[in-house]
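Each chain, written out:
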Amino acid sequence: MLDMLGPIIVAVLAAYFLGNLNGAITVSSLLDKDDVRSHGSGNAGMTNYMRSYGLKKTGLVILMDLGKTILACFLGALLLEPYGYYTEGAMLAGFSVSLGHDFPVTQGFRGGKGILCGLGVAFVADWRIALMILGVFAVLVLLTRYVSLGSCVAALALGICFTVMHGDKPVVIVFAWLIALTAIFMHRGNLQRLCKGTERKLSFGHEEGRT
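Given the structure is predicted, the values throughout are model-derived calculations rather than measurements. (Residues numbered from 1 in each chain as written. Predicted model: local features only at pLDDT ≥ 70, side-chain atom pairs only at ≥ 80, totals over all residues. Heavy atoms only, no water.)

So, on to the overall build of the protein chain. Looking only at helices and strands, the protein chain features ten helices and zero strands. For the protein chain, the sequential pattern of α-helices and β-strands runs α-α-α-α-α-α-α-α-α-α. In terms of overall size, the protein chain behaves like a compact globule, its C-alpha atoms giving a radius of gyration of 17 Å where 211 residues would be expected to give roughly 17 Å. Summarising its shape, the C-alpha atoms of the protein chain cover approximately 50 × 35 × 25 Å along the three principal directions. (Helix = DSSP H or I, 4+ residues; strand = E, 2+ residues; numbered from the N terminus. Rg over C-alpha atoms; globule rule 2.2 N^0.38 Å.)

Relative to the 27 Å expected for 19 residues at 1.5 Å per residue, helix H8 (residues 147-165) spans 26 Å between its end C-alpha atoms, a close match to the ideal helical length. Of all the residues in H8, the buried ones are Val 147, Ser 148, Gly 150, Ser 151, Cys 152, Ala 154, Ala 155, Ala 157, Leu 158, Gly 159, Cys 161 and Phe 162. (Expected span 1.5 Å × (residues − 1). Buried < 20%, exposed > 50% of the residue type's maximum accessible area, 1.4 Å probe, protein only.)

A few words on unusual backbone geometry. Although it is not a glycine, Lys 33 sits at a positive phi angle of roughly 50°. Looking at the secondary structure, you find Lys 33 in the loop between helix H2 (23-30) and helix H3 (46-53). The exposure class of Lys 33 is exposed, given its relative accessible area of 67%. Here the phi dihedral of Arg 145 falls at roughly 65°; this positive angle occurs in a residue that is not glycine. Relative to the helices and strands, Arg 145 resides in the loop between helix H7 (127-144) and H8.

This next bit is on the environment of Gly 135. Take Gly 135: it is sitting in helix H7. Through-space distance from the C-alpha of Gly 135 to that of Tyr 86 is 26 Å; in sequence the pair is 49 residues apart.

Before going further, it helps to spend a moment on the environment of Ile 173. Mapped onto the elements of the fold, Ile 173 is located in helix H9 (residues 170-186). The class for Ile 173 is buried, based on a relative accessible area of 17%. It is 5.9 Å that separates the C-alpha atoms of Ile 173 and Phe 162, two residues lying eleven residues apart in sequence. If we ignore the near neighbours within four places in the chain, the residues touching Ile 173 are Phe 162, Thr 163, His 166 and Gly 167. (Contact = heavy atoms within 4.5 Å.)

The final tally for this structure, using the stated rule, is one cavity of 30 Å³ or more. In this structure, the largest cavity spans a volume of roughly 30 Å³. Taken together, Ser 98, Asp 102, Lys 113, Gly 114, Ile 179, Thr 182 and Ala 183 make up the full set of residues lining the largest cavity. When residues of the lining of the largest cavity are traced back to their parent elements, those giving at least two are helix H5 (86-102) and H9. It is H9 that contributes the most residues to the lining of the largest cavity, three residues altogether. (1 Å grid on protein atoms, 1.4 Å probe; cavity = no way out; pocket = protein on both sides within 12 Å on 5 of 7 lines; lining within 4 Å. Points joined across faces, edges and corners; volume = space filled by probe spheres on them.)

This is the structure in structure tokens:
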């Protein structure tokens, strides 16, 4: 096991610092000459960027956050594949990149909420699960227009799907739930507003309220 320590450390650190490359912060800084965290909810995530600056460049935010996650997960998987832990490596890096996205040391620990990271992790570890959670998110948002509700239920679906479909890999299950619960924790304010009935809905073609 000691011979795995080096690859594990490299995977964790590389993934964490890749997570620091936040799409919303980068795009708003370079293209909008602004900081997305100074608008709306103050969160450096896709939803806040979209409602603050519109849909036009939101695709770049999505591409960057998904891309960094997929890159980090492939790196973790390849580093641990020689030891027989491809999926475990992907999940380890996935959790690390999510932490880097949510709590980026290079950005004063003010990041996003990790939903796109969770989707990217699933695509690398098991694309079937990625399609499932994407479907859950899309259906809930279309039916309720609550992005936060769709995000939290999709996070739960990620944990449940990995538990059911990878039940023989306890390390994979642990990291899946760590990713899911971290994402839900980051939405704690949204959940409180949902319970109080004060959470704003997504208004297609208009700006969304706090999410």
